[in-house]
Amino acid sequence: MADRNAPGALPVVTTPECEAMVIGAHPDDDDIAAGATSALWAKQGKKIVWVVMTDGAEGSEVPSLIDSDLMLQREQEQRMACEVYGVQAVEFLRFSDGHLTNSEDARKAVTRLIRKYRPRVVFTHDPSTHIYAPDPDEKPDDTAYLNHADHRATGSIVLDAIFPAVGNPRSYRELLAEGLLPYRVHELYLFFTDKENTYIDVSETIDLKAKGLLCHVSQFEPNSEMPEWIRKGAAETAKEAKEKKGLEMEYAESFRRIKLYVPKEDNKDVKKEELEA
């Protein structure tokens, strides 16, 4: 770590300007992973920003569709869903769907947005999750799911942007000319993970999540069973929260929470609580 007190050193901003930024690979990934949590926090008056990494142009079973038409349709669907949740801003980076890589351009684009919005918390894919596979002996009728390469790439891009680029004054110095100062993200919430340690009670916003997902008409039929599937999954997550943490919830979303920075004031509060305990 370099000397932060060196002559000419640029201080790193640590004060957030919004509560959370959710960064997903495709339109509807943010919805599935954190739609109910986003709606809940927005309902509490917190500013939420969403980012979609790819253009979503491979999200169809119809080969004859024009890529740009599908991209624009999916972006509009995502905007409509964000209105349902109360998400205040959504950014589309339009990298090629199905071909996303942890490139210099991708890391710089994410660094720019994190510095621009300064979220306290960043949500993204867990890049270490490659295969979701139930035990075939315990669940013989269930099949495995191979995590999409774009999901893993997104997680890697975001983590590599957060450290070191977002907080390093010498990383992407051209961003300084745009007024985008180095910034320190406080927490990271990873989704689509098998290492959950945090459960959020979304019982009051689970219906908003289902409603928002139905905005993605290119992905789900109007009479699809998506709402039932969402409630079932959230109920199973709530059951897991009770088994692992003793928490009582009807519906929940789960994440792998990682603390990256604790403000000094919070440190003082923690130490005070420990002394009074």
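Since this is a predicted model, take the numbers as computed values, not measurements.

Criteria and cut-off values
Residues numbered from 1 in each chain as written. Predicted model: local features only at pLDDT ≥ 70, side-chain atom pairs only at ≥ 80, totals over all residues. Heavy atoms only, no water. Helix = DSSP H or I, 4+ residues; strand = E, 2+ residues; numbered from the N terminus. Buried < 20%, exposed > 50% of the residue type's maximum accessible area, 1.4 Å probe, protein only. Salt bridge = Lys/Arg side-chain N within 4 Å of Asp/Glu carboxyl O. Expected span 1.5 Å × (residues − 1). Phe/Tyr/Trp six-rings, centres within 6.5 Å; stacked < 30°, edge-to-face > 60°. Lys NZ or Arg CZ within 6 Å of the ring centre and 35° of its normal. Contact = heavy atoms within 4.5 Å. Core = buried A, V, L, I, M, F, W, Y, C linked by side-chain atoms within 4.5 Å. pLDDT = per-residue confidence, 0-100.

Student: Account for the environment of aspartate 55, naming residues and giving values.
Tutor: Locating aspartate 55 in the fold gives a position in the loop between strand S2 (48-54) and helix H2 (67-85). We classify aspartate 55 as buried; its relative accessible area is 15%. Measuring from C-alpha to C-alpha, the distance between aspartate 55 and leucine 93 comes to 7.3 Å, with 38 residues separating the pair along the chain.

Student: Could you give an account of the pattern of salt bridges, with specific residues and numbers?
Tutor: Inspection of the entire model under this criterion finds 18 salt bridges. Here glutamate 19 makes a salt bridge to arginine 120, at a shortest N to O gap of 2.7 Å. Taken together, the residues span a long stretch of sequence, with glutamate 19 in strand S1 (residues 18-24) and arginine 120 in strand S4 (residues 119-125) at a distance of 101 residues. Under the relative-accessibility criterion, arginine 120 is labelled partly exposed at 22%. In this structure, glutamate 240 engages lysine 244 in a salt bridge whose closest nitrogen and oxygen atoms are separated by 3.8 Å. Taken as a pair, glutamate 240 and lysine 244 lie in helix H6 (residues 226-245) at a separation of four residues, close to a single helical turn. By relative accessible area, glutamate 240 is classed as partly exposed at 24%. Linked by salt bridges that have partners in common, Glu19, Arg120, Glu187 and Arg257 make up one network.

Student: Could you give me a rundown of helix H4 (residues 149-162), with the residues and numbers involved?
Tutor: The end-to-end C-alpha separation of H4 is 20 Å, in line with the 20 Å expected for 14 residues at 1.5 Å each. For H4, the set of buried residues is Asp150, His151, Ala153, Thr154, Gly155, Ile157, Val158, Ala161 and Ile162.

Student: Describe the packing of aromatic side chains, listing the residues and the values that go with them.
Tutor: Centre distance and the angle of the planes are the two values used to describe a pair of aromatic rings. Summed over the entire model, instances satisfying the criterion amount to eight aromatic pairs. An angle of 75° between the planes, with centres 5.0 Å apart, marks the rings of phenylalanine 191 and phenylalanine 192 as edge-to-face. One aromatic cluster in this structure is built from Trp41, Phe123, Tyr189 and Phe255. The ring of tryptophan 41 carries the charged tip of lysine 46 above its face, separated from the ring centre by 5.1 Å.

Student: Account for unusual backbone geometry, with residues named and values stated.
Tutor: That bond from phenylalanine 163 to proline 164 is cis: its omega, 10°, falls within 30 degrees of zero. Relative to the helices and strands, proline 164 is located in the loop between H4 and strand S7 (187-191). One non-glycine residue with positive phi stands out, namely aspartate 28, at about 90°. Along the chain, aspartate 28 falls in the loop between S1 and helix H1 (29-43). On the basis of relative accessibility, which here comes to 8%, the residue aspartate 28 falls in the buried class. For arginine 94, which is not a glycine, the phi torsion comes out positive at approximately 60°.

Student: If you had to explain the side chain of threonine 198 to someone new, which residues and values would you point to?
Tutor: By the element assignment, threonine 198 lies in strand S8 (residues 198-201). In this view, threonine 198 contacts Tyr189, Glu253, Ser254, Phe255 and Arg257; residues no more than four positions away in its chain are not counted.

Student: Could you give an account of the nonpolar core, naming the residues involved and the relevant values?
Tutor: Buried together is how nonpolar side chains tend to be arranged in soluble globular proteins. Judged by nonpolar contacts, the single largest core of 31 residues is most densely connected at Trp41, Tyr85 and Phe123. When contributions to this core are tallied by element, the ones reaching two or more residues are S1, H1, S2, H2, S4, S7, helix H5 (206-213) and H6. With seven residues, H1 is the single largest residue contributor to this core. With residues near it in sequence (within four places) discarded, phenylalanine 123 still touches Ala20, Met21, Val22, Ile23, Ala34, Thr37, Trp41, Tyr189, Phe191 and Phe255. The next biggest cluster of nonpolar side chains, apart from the first, holds 25 residues, and it includes Ala89, Leu113, Ile162 and Val166.

Student: Please give an account of the confidence of the model for the protein that cites residues and values.
Tutor: Detail in the predicted coordinates should be disregarded across regions flagged by low pLDDT. In the predicted model, the protein carries a mean pLDDT of 93, and 95% of its residues have values of at least 70. Considering only residues more than four positions removed or in separate chains, one finds that residues 270-277, a stretch of pLDDT under 50, has zero contacts.

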